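# Coordinate analysis (summary)
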Amino acid sequence: MAYTESVDIYTADRIPTGQTLPREGIFLKEGQFMLYALALIQNKEGKYLITQRAANKSWGAGWWEISGGGVLTGETAVQAVVREIGEEVGLNADGIEPELLYSYTNVDLKHGSNYITDIFRFTLDFQLEDVTLQVEEAQACKLATWEEIQELGEQGIFLHYARLCQALGK
């Protein structure tokens, strides 16, 4: 039997409703939210780890982004983002206390896509050769300056760019 990821459902105020739903095909109604967590990973030289989405992704294929994903049942946002960092780029962020940069809420009743997202900053001691990509998720990665991220954002090929700008006060 295949494993099905599930997510806890929250109110707009982040209060757990006690409801758990399968993540695949989820369609949330008014007042129902799932949580997401994103990781702005910075190395000791001040560059950011960004990944290029796999070409077979249903949306944003080939676009650049930062690591992150959905918070699964029983996880906190920090636990989820640490798990996602390990899965997506193979870096160990266990025991690192991230800085919460920004949180936002998205309500899209037409598509059933209601979520609350936290953006965390992690400063890790790593180089590009330490990164192991999850090939189902990403086809490339690089260490980028903020100016390089801005350039990708201005080209319209960097996911969450506007939110990152808000998170960093740019």
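These numbers come from a predicted model, not from an experiment.

Cut-offs applied
- Chains are numbered independently. Their residues run from 1 in the order of the written sequence.
- Under the rules for a predicted model, residues below a pLDDT of 70 receive no local features and side-chain atom pairs below 80 are neither given nor counted, while totals for whole chains, interfaces and linings still include all residues.
- Each side-chain value is derived from all of the structure's non-hydrogen atoms; neither hydrogens nor water enter the calculation.
- In this analysis, rings of Phe, Tyr and Trp, with Trp reduced to its six-membered ring, are considered paired at centre separations within 6.5 Å, and the interplanar angle assigns stacked below 30 degrees, edge-to-face beyond 60, and tilted for intermediate values.
- Every helix listed is a DSSP run of H or I at least four residues long, and every strand listed is a run of E at least two residues long, numbered separately from the N terminus.
- Each residue is placed in one exposure class: buried if its accessible area under a 1.4 Å probe, protein chains only, is under 20% of its type's maximum, exposed if it is over 50%, and partly exposed if it falls in between.
- Either the NZ atom of lysine or the CZ atom of arginine qualifies as a charge over a ring when it sits within 6 Å of the ring centre and within 35 degrees of the ring normal.
- Taking the helix axis as origin, the arc is that swept by the directions to the C-beta atoms.
- Residues are treated as being in contact if the distance between any of their heavy atoms lies within 4.5 Å.
- Angular values range over 0 to 180 degrees, each being the angle between N-to-C directions of two axes fitted as lines to C-alpha atoms, with helices fitted over their stretch in contact.
- Here a crossing is called left-handed whenever its near helix is offset anticlockwise from the far helix by less than a right angle, and right-handed whenever the offset is clockwise.
- Gly counts as polar in this scheme, as do all residues outside two lists: the nonpolar Ala, Val, Leu, Ile, Met, Phe, Trp, Tyr, Cys and Pro, and the charged Asp, Glu, Lys and Arg.

## Let's talk about the packing of aromatic side chains
One pass over the full model with this rule turns up 5 aromatic pairs. Look at W146 and Y161: their rings are 6.1 Å apart centre to centre, the planes differ by 20°, and that puts the pair in the stacked class. One end of the pair, W146, is in helix 2 (residues 146-154); the other, Y161, is in helix 3 (residues 161-168), with 15 residues separating them in the sequence. With respect to class, W146 is no different from Y161; both count as buried. Among the aromatic residues, those joined into a ring-pair cluster are Y36, Y102, Y104 and Y115. A cation over a ring is seen here: R53 above W59, with NZ or CZ 4.5 Å from the ring centre. Above the plane of the ring of Y104 lies R163, whose end atom (NZ or CZ) is 3.9 Å from the centre.

## Concerning helix 2
Listing the buried residues of helix 2 in full gives W146, I149, L152 and G153. Viewed end-on, helix 2 has its buried residues packed into an arc of 120°, placing them on one side of the element. Opposite its buried face, helix 2 presents the exposed residues E147 and E154, each directed more than 90 degrees away. Looking at the residues trailing helix 2, positive phi occurs at G156, about 75°.

## Here we look at helix 3
Taken residue by residue, helix 3 has Y161, L164, C165, A167 and L168 as its buried positions. Buried residues of helix 3, viewed axially, fall in a sector of 160°; they line one side. In this structure, the buried residues of helix 3 make contact with strand 3 (34-42), strand 4 (48-53), strand 7 (99-106), strand 8 (115-123) and helix 2.

## Thoughts on the environment of T51
Note that T51 resides in strand 4. You can call T51 buried: its relative accessible area is 5%. Separated by 93 residues in the primary sequence, T51 and A144 place their C-alpha atoms 10.0 Å from one another. Beyond its immediate stretch of four places on either side in the chain, T51 contacts W63, W64, E65, V89, L133, A138, A140 and C141.

## Observations concerning the packing of helix 2 against helix 3
Taken N-terminus to C-terminus, the directions of helix 2 and helix 3 make an angle of 145°; their axes are 10 Å apart at the nearest point. Classified by chirality, the crossing of helix 3 by helix 2 is left-handed. In contact with W146, I149, Q150 and G153 of helix 2, helix 3 contributes Y161, L164, C165 and L168. Partitioning the contact of helix 2 with helix 3 into residue classes produces 6 nonpolar, 2 polar and no charged.

The values are spatial; any link to function lies outside them.
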